[in-house]
Amino acid sequence: MRPWREGPGDRRSYHHGNLKEALIEAARRFIAERGIGGFTLVDAARLVGVTPAALYRHFRGREALLEEVAGRGFSDLAERLARALSGRGTPLERFTRMGEAYLAFAEEEPGYYAAIFEVRGHAALAPAADRPNPFDLLVEALRSTFPDGFDGVDPRFLALEVWALSHGIATLSAAGQLPKSGPDKYELLRAGVLALVHGAGGRGREKP
């Protein structure tokens, strides 16, 4: 693992009451570099320079620590999507930027991104009053971008399709499985989303 970066989460900061934050940062780094199963609580404790017993003051176990990482990632993703949705431009431009923000998050925060989709902790991912829900933001964006609707198709159903497409492209990109030549991942996502939303209006699908 790369050397610990100096800053708010460095290995000395737990002396100032920031052990919880240091552990969350350690877990995020381990997930990014080794995968969701690539570390133990002992590894996290060693990285921040404390005994494993000290971890239990903040987390009841490894799963609880992973749930906290997933929750932080969920909040970060929601904030990025909310900024894209509330930015300048036409509704279609803002909707497009949401897709770009999603792919950028997956690339820039692989630890958070993996935790969101791997951790089974429902409490960590439950919507909170002080943070938007990414799925709700996507539904809102679809409704504002395409006010005429989708020929009876529930926007929530279409939002799931858009999210699945986004997740698939992000996952393929991270694995190096996208074609080296041709459109980049952002262009692929834009084309795929437009095909979905325009196709929904033309296929006459029933409500799910």
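Residues numbered from 1 in each chain as written. Predicted model: local features only at pLDDT ≥ 70, side-chain atom pairs only at ≥ 80, totals over all residues. Heavy atoms only, no water.

Labelled according to an unreviewed UniProt entry, the chain appears under the name TetR/AcrR family transcriptional regulator, originating from Methylorubrum podarium.

1. Some remarks on the packing of helix 8 (residues 134-145) against helix 9 (residues 155-174)
At a minimum axis separation of 9 Å, helix 8 and helix 9 run at an interaxial angle of 115°. Viewed along their axes, helix 8 and helix 9 adopt a mutual orientation that is roughly perpendicular. Considering how the two elements wind past one another, helix 8 and helix 9 form a crossing that is right-handed. Of the residues in helix 9, those in contact with Pro134, Phe135, Leu138, Val139, Leu142 and Arg143 of helix 8 are Pro155, Arg156, Leu158, Ala159, Leu160, Val162 and Trp163. Its residues assigned to classes, the contact of helix 8 with helix 9 shows eleven nonpolar, no polar and two charged. (Axes fitted to C-alpha atoms, helices over the stretch in contact; angles between N-to-C directions. Helix = DSSP H or I, 4+ residues; strand = E, 2+ residues; numbered from the N terminus. Parallel < 35°, antiparallel > 145°, perpendicular 65-115°, else oblique. Left-handed = near helix turned anticlockwise from the far one by under 90°. Contact = heavy atoms within 4.5 Å. Nonpolar A, V, L, I, M, F, W, Y, C, P; charged D, E, K, R; others polar.)

2. So, the packing of aromatic side chains
Inspection of the entire model under this criterion finds eight aromatic pairs. Consider the rings of Tyr102 and Tyr113, whose centres lie 5.8 Å apart with planes at 85°: the pair is edge-to-face. Highlighted residues: Tyr102 in helix 5 (residues 91-108) and Tyr113 in helix 6 (residues 110-118), separated in sequence by eleven residues. Across the pair, Tyr113 and Tyr102 agree in class, each one buried. On the basis of an interplanar angle of 20° and a centroid distance of 6.3 Å, the ring pair of Phe135 and Trp163 is categorised as stacked. Note that Phe135 is positioned in helix 8 and Trp163 in helix 9, a separation of 28 residues in sequence. Judged on exposure class, the residue Phe135 and its partner Trp163 are both buried. An aromatic cluster is defined as three or more aromatic residues linked by ring pairs; in this entry it consists of Tyr102, Phe105, Tyr113, Phe117, Phe135 and Trp163. Here Arg28 stacks its cationic end above the ring of Tyr112, 5.7 Å away from the centre of that ring. (Phe/Tyr/Trp six-rings, centres within 6.5 Å; stacked < 30°, edge-to-face > 60°. Buried < 20%, exposed > 50% of the residue type's maximum accessible area, 1.4 Å probe, protein only. Lys NZ or Arg CZ within 6 Å of the ring centre and 35° of its normal.)

3. Notes on unusual backbone geometry
Glycine aside, a negative phi is what most residues show, and trans is what most peptide bonds show. Non-glycine residue Asp151 carries a positive phi angle of around 55°. Here Asp151 is to be found in the loop between helix 8 and helix 9. With a relative accessible area of 44%, Asp151 lands in the partly exposed category.

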